[in-house]
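This is what each chain is made of:
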Number of protein chains: 2
Amino acid sequence: MTMYRLYYWPEIQGRGEFVRLALEDAGARYVDVARGRGGVDAMFRLMERHKVFAPPFLASGRLVLGQTANVLLYLGPRLGLAPKAEAGRLRVHELQLTIADWVVEVHDTHHPIASGLYYEQQRPAARRRTADFLAERLPKYLYHFEKTLKKQKYLTGRTACYADLSLFQMVAGLRYAFPNGMARLQRKYPRVVALHDRVAARPGVARYLASERRIPFNEMDIWRRYPALDRPAQVAK
Amino acid sequence: MTMYRLYYWPEIQGRGEFVRLALEDAGARYVDVARGRGGVDAMFRLMERHKVFAPPFLASGRLVLGQTANVLLYLGPRLGLAPKAEAGRLRVHELQLTIADWVVEVHDTHHPIASGLYYEQQRPAARRRTADFLAERLPKYLYHFEKTLKKQKYLTGRTACYADLSLFQMVAGLRYAFPNGMARLQRKYPRVVALHDRVAARPGVARYLASERRIPFNEMDIWRRYPALDRPAQVAK
């Protein structure tokens, strides 16, 4: 059985979580390198040597692969989380890339000006960007996946693919970050909610979520809970 | 010879341009559907039917594929613009996904708050975001590609891949949008500049750039020239 090495920041779920979920769901053997003895130094060394732009990245034997969606493109068929045929694989990847775009928009709700500044240094802009995100962008993404799930259990049919696991993660993260916003929105997207629950109940995922390997959501992550950005319904504007 | 149908907004280069450049470089047969008689209506109909999140998307026979990088993943080996072996194909795709992230950041320089608002409605935030982009993010991306080009003519070695064409496009677009910023920066990245020139001189690309098929850059596009965002060196801060 292949031993995968995942390199990602040790204190957040972040983009690494999309890869962790795939590995955990499949029961794959892997090391989350930067959470071990080598720490982030081992990660930085390999990034430099292999000219990787940013974490997460995956090593498998001599192959070193960057970009979350690219890692999943590689792992998908190997973990039984993507069809073997090209058309099916490309469709799953398309869905994953849409989730990747969505992740950037979630991040930018609290960092609309610069990722190098603190949230506190860009709060007014963050408030405006989040209002637009909750009113316009989030419904657009949720609607897209709701429509995709019409008449099928998973995003591409009867079996789960890595994009299903990622969609679970989006719902979990959004509920953490925007409990008020999501409470208002999610009843309009029952298939997305059902998909979240279905993925959470998969044996590998359920085991993982109950373990210490699942890092709790926190305010260094992509999904952050800032009450100023997520007002209760009445005062939302 | 396969006839490809590309669907994208007819009045901008945008993300569609990364696909157009690949098709043009390879001399592929294709129709830029929304620029023809069907207009954007044909595009919207197909998007709806195939549950595509956003343009551009490509149709080839019965296959309909969304997400720019995904379209290039499919076209790459078919157009001779990606290696056939898996490791090579994944490396090209990784570079393309980094360019995709970069494109979002370019767009958000003028639209940091909401893509549904006008630039004029988010000018102060745009100024701050652009200052950070030019000082921090743009050098980070340029440095990454400069390093990748060390000791080789193209991003993955001796032959061009679709990510090389996309890197050309980034330089061209950034020079349009930030003539002052790029004049200051680009001398530090001679390999990236040389790659731009090398791609521009490729027969298929040169023919395309001189044709009416190349839509001029404009202020509805991703790369926009707003003098308030791109000050001459002395007053830049």
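Residues numbered from 1 in each chain as written. Chains lettered and ligands numbered in written order. Predicted model: local features only at pLDDT ≥ 70, side-chain atom pairs only at ≥ 80, totals over all residues. Heavy atoms only, no water.

(A) Here's a closer look at the interface of chain B and chain A. The partner chain A presents 44 residues to the 44 residues of chain B that form the contact. Together chain B and chain A conceal approximately 3800 Å² of surface at their shared face, both sides included; 54% is due to carbon and sulfur atoms. A per-residue breakdown of the area chain B buries against chain A is headed by Lys 51, Phe 53 and Ile 113 of chain B, which together make up 21% of the total. Between chain B and chain A we count six salt bridges in total. Measuring nitrogen to oxygen at the nearest pair gives 3.3 Å for the salt bridge that ties Arg 129 of chain B to Asp 108 of chain A. Scanning the region where chain B abuts chain A turns up 21 residue pairs in polar contact (both at pLDDT 80 or more). At 11 residues, helix α4 (residues 86-110) of chain B tops the list of elements feeding residues into the side of chain B that touches chain A. (Contact = heavy atoms within 4.5 Å. Buried area = accessible area lost by both parts, 1.4 Å probe. Salt bridge = Lys/Arg side-chain N within 4 Å of Asp/Glu carboxyl O. Polar contact = N/O pair within 3.5 Å; in protein donor to acceptor, adjacent residues only side chain to side chain. Helix = DSSP H or I, 4+ residues; strand = E, 2+ residues; numbered from the N terminus.)

(B) Quick peek at the pairing of strand β3 (residues 57-60) of chain B. Residue and element names in this part refer to chain B. Residues Phe 57 and Ala 59 of β3 are buried on one face, and the alternating residues Leu 58 and Ser 60, pointing to the opposite face, are buried as well. Here three bridges tie strand β1 (residues 3-7) to β3, and the two strands are oriented antiparallel to one another. Opposite Arg 5, over in β3, you have Ala 59 as the bridge partner. Bridge analysis of β3 against strand β4 (residues 63-66) gives four bridges, and the strand direction is antiparallel. Bridged to Leu 58 within β4 is Leu 65. (Buried < 20%, exposed > 50% of the residue type's maximum accessible area, 1.4 Å probe, protein only. Pairing = 2+ DSSP bridges.)

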